Amino acid sequence: MKVLNIVLNGKAVTAKMGQTILELAREHNVFIPTLCDSPALEAAAMCRLCTVQVIEGKWPKFVTACNFPLRRDAEVVTDSPEVRHGRKLIIELLMARCPTSPELQRLAVDYGCDLERFAPLNDDCVVCGLCTRACEAVTGRTLSLAGRGVAIHVDTAFQKASEYCIGCGACVQICPVNKIAMEDVDGERRIILHGKIASRVKLPQCTSCGKHFGPVIDLQQVMERMGEHKIPPPNASVCPECSRRNLAIKLGKRYFEQYGVFEDEEGQANAG
Amino acid sequence: MSGTACQCQEIECAEVEIDYTLLDKIIRDDYGGNREAMIMMMQAIQRVYRFLPEAAVKYLSQVIEVPLTKIYEVATFYASFSLEPKGKYILSVCTGTACHLRGSGGMVEHISKRMGIAPGKTTADMKLTLETVNCVGACAVAPVVVVDEKYYPKADIATLNDFMDRLDAE
């Protein structure tokens, strides 16, 4: 494989063909701020925070480090007055959308941002698209980016609670500004997006203790995406806690009953 | 879900009867059920109902096995798709650069005032939908007004008044 000679912030390093600038920078412990990057998902260059300067040939240009594959020898500058100037504007704009994010607040202090410059939108969401990409990677049927340009926003189809959500919580976990909530109430799991219920997933009730647990994820959709159709859906009727306890009782009975430990045990030992 | 009432607030829309045999004809016969032709199918469905009814979109999603969210994404991305019912006539005023310079802004305002609807909205009697489009690709004959896919080049207030008079007379 061809090796590229890259000058990263004045230091000569080598990169693999097609490696992105962000990957190279991380390899060499150079920090580039990002909000929308996840090693598990394809880069989308939505937040624009990772903008760096690249000089390939004659002219310098600004590119997003997360999805810029290196294909030629180049010089990369990740932290110069010009780069910081551009990044400062991006942080100011993002802060106007979501002033409560600790990560953005840290960056705003670091870059000396003028927070009065743009009127706060308090939209909360920074439209990084991580939740929609995570959702797509799991089932691709609940969250998507609706609208276009300035009107783009995360939404469910027809703005109604989705019927297809499996309640995995990937969107909740991945959100960089923690604006998607998940709660288990009244025997259902709710994903809450922009204060509205984006999906309700019924939680099964444990036949042993009566508590709601789960969700038991129907892997059918995932298997379909992998090209497998014949996997039976998992059918758990006992919560993990009871399942463990029941198994312990079963094992205990098998090995220790002879010592008279289980004489007055009222439990039915149904191992789940 | 097809039995639920429509949730749009601005206009009262009648429940749309979805003809599934017709949808099948469009999706399977005309385009072979091929998901690559999704946008063409959506356009064909929109030609039938004048907008994209939720039930029809759901059916399309099931037949071509494309997640509903993906179709919703496409439908909200392109201004030419509408998820809300449209009027009998759709009047689009081009507000691209050339048309804008030749006064299309004033024409939009004129129609808005006379019909009492904002751009993108439909009159209460479901007769007319006023739209603005970014460019219809006919800048040489700016300003352009499009009524139901018929182009009116070098349009002016008189052309619009003519049209609206005919509409009122109907």
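Because the structure is a prediction, the values reported are computed rather than measured.

Student: I would appreciate a short explanation of the overall build of chain A in the present structure.
Tutor: When helices and strands are tallied, chain A shows 7 helices and 10 strands. When burial is assessed residue by residue, chain A has 30% of its 272 residues classed as buried. Looking at chain A alone, contacts between residues at least 24 apart form 50% of all its contacts between residues at least 6 apart.

Student: Mind showing me how you'd approach the sheet that holds strand β4 (residues 60–64) of chain A here?
Tutor: Remark on secondary structure: sheet strands pair via backbone hydrogen bonds, oriented parallel or antiparallel. All names here are of chain A. Taken together, the 5 strands give an open sheet; going across it, the order is β2-β1-β5-β3-β4, and neighbouring strands pair in mixed fashion. What marks the edges here is a single partner per strand, and that holds for β2 (11–16) and β4. When strand polarity is set aside, the average angle formed by the axes of neighbouring strands in this sheet is 35°. Pairing of strand β1 (residues 3–8) with β2 involves 6 bridges; the strand directions are antiparallel. Looking at the pairing, Val 3 lines up with Lys 16 of β2.

Student: In this structure, what is going on with the pairing of strand β5 (residues 74–77) of chain A? I would like to understand it.
Tutor: Remember that side chains alternate between the two faces of the sheet whenever the strand is regular. All names here are of chain A. One ladder, built from 3 bridges, connects β1 with β5; its direction is parallel. Along β5, the bridge assignment pairs Leu 8 with Val 76. Relative to β5, strand β3 (residues 51–55) is paired through 3 bridges, and the arrangement is antiparallel. Directly across from Gln 53, in β5, lies its bridge partner Val 77.

Student: Looking at this model, I keep getting lost on the pairing of β4(A). Mind explaining?
Tutor: All names here are of chain A. Here 5 bridges tie β3 to β4, and the two strands are oriented antiparallel to one another. When the bridges of β4 are listed, Val 54 appears paired with Lys 61. Between β3 and β4, which pair antiparallel in sequence order, lie 4 residues; one of them, Gly 57, sits at a positive phi of approximately 80°.

Student: Explain the confidence of the model for chain A to me, please; I cannot follow it from the model alone.
Tutor: Atom-level detail of predicted coordinates should not be read off regions where pLDDT is low. The predicted model of chain A has a mean per-residue pLDDT of 86, with 90% of residues at 70 or higher. Counted against residues more than four places away or in other chains, residues 267–272 of chain A, with its pLDDT under 50, gives 15 contacts.

Student: Explain the sheet that holds strand β2 (residues 128–133) of chain B to me, please; I cannot follow it from the model alone.
Tutor: Residue and element names in this part refer to chain B. Read across the sheet, 4 strands follow the order β2-β1-β3-β4 without closing on themselves; strand pairing throughout is mixed. Pairing within the sheet leaves two strands with one partner each, and these edge strands are β2 and β4 (150–152). The mean inter-strand angle of the sheet, taken between neighbouring strand axes irrespective of direction, is 25°. Of the pairings in the sheet, the one linking strand β3 (residues 145–147) to β4 comprises 3 bridges and is antiparallel in character. Bridge pairing links Val 145 to Tyr 152 in β4.

Student: Sorry, what's going on with the nonpolar core here?
Tutor: One broad trend across soluble globular proteins is that nonpolar side chains are buried collectively. Grouped together as the largest cluster of nonpolar side chains are 67 residues, with contacts concentrated most on A:Ile21, A:Ala65, A:Cys131, A:Cys171 and B:Ile45. The contacts of B:Ile45, once residues within four sequence positions are left out, are B:Leu23, B:Ile26, B:Leu52, B:Ala56 and B:Leu60. One finds B:Leu91, B:Cys94, B:Leu128 and B:Val144 within the second-largest nonpolar core, a separate group that totals 15 residues.

Student: Would you mind showing me how to read helix α4 (residues 130–138) of chain A here?
Tutor: Counting along an α-helix, one turn takes 3.6 residues, and residues three or four places apart therefore face a common direction. The buried count for α4(A) comes to 7 of 9 residues, which makes it a mostly enclosed element. Considering only its buried residues, α4(A) is in contact with β6 (144–146), β7 (153–155), α5 (170–174) and β8 (180–185) of chain A.

Student: What exactly am I supposed to notice about the interface of chain B and chain A here?
Tutor: Many descriptions give the size of an interface as the accessible area lost when the pieces come together. Each partner contributes residues to the interface: chain B has 9 residues there, and chain A has 11 residues. A per-element tally of the side of chain B that touches chain A places helix α4 (residues 68–77) of chain B first, with 7 residues. Considering only residue class, the side of chain B that touches chain A consists of 4 nonpolar, 2 polar and 3 charged.

Student: I keep staring at the packing of helix α1 (residues 20–30) of chain B against helix α2 (residues 38–49) of chain B and nothing clicks. Help me out?
Tutor: Working note: a packed helix pair is described by the angle between its axes plus the distance between those axes. Residues and elements named next belong to chain B. Interaxial distance between α1 and α2 falls to 10 Å at its minimum, and their mutual angle equals 155°. Judged by the angle between their axes, α1 and α2 are roughly antiparallel. Between α1 and α2 lies a crossing whose hand is right-handed. Contacts between α1 and α2 involve Leu 22, Leu 23, Ile 26, Ile 27 and Asp 30 from the first element and Met 41, Ala 44, Ile 45 and Val 48 from the second. For the contact of α1 with α2, the residue count by class is 8 nonpolar, no polar and 1 charged.

Rules used in this analysis
Sequence order as written defines residue numbering, which begins from 1 separately in each chain. Written order decides the labels, with chains lettered from A and ligands numbered from 1. Since the coordinates come from a predicted model, pLDDT governs what is reported: local features require at least 70, and pairs of side-chain atoms require 80 or more to be given and counted, while whole-chain, interface and lining totals use all residues. Note on conventions: DSSP H or I runs of at least 4 residues are helices, E runs of at least 2 residues are strands, and numbering of each starts at the N terminus. Neighbour density around each residue's C-beta defines its exposure: 20 or more other C-beta atoms within 10 Å make it buried, 12 or fewer make it exposed, and counts between make it partly exposed, where C-beta atoms are placed from the backbone. Two residues form a contact once the distance between their C-beta atoms, set from the backbone, is within 7 Å. Strands were regarded as paired on the criterion that DSSP finds at least two bridges between them. In this analysis an axis means a line fitted to C-alpha atoms, helices contributing only their contacting stretch, and an angle means the value between N-to-C directions, from 0 to 180 degrees. The quantity known as pLDDT measures the predictor's confidence residue by residue, on a range of 0 to 100. For this entry, the nonpolar core is defined as buried Ala, Val, Leu, Ile, Met, Phe, Trp, Tyr and Cys residues connected by C-beta atoms within 7 Å. Polar here means any residue outside two lists: the nonpolar Ala, Val, Leu, Ile, Met, Phe, Trp, Tyr, Cys and Pro, and the charged Asp, Glu, Lys and Arg; Gly therefore counts as polar. Any angle from 65 to 115 degrees is called roughly perpendicular, while one under 35 is roughly parallel, one over 145 is roughly antiparallel, and all others are oblique. Crossing handedness follows the turn of the near helix against the far one: under a right angle anticlockwise gives a left-handed crossing, and clockwise gives a right-handed one.

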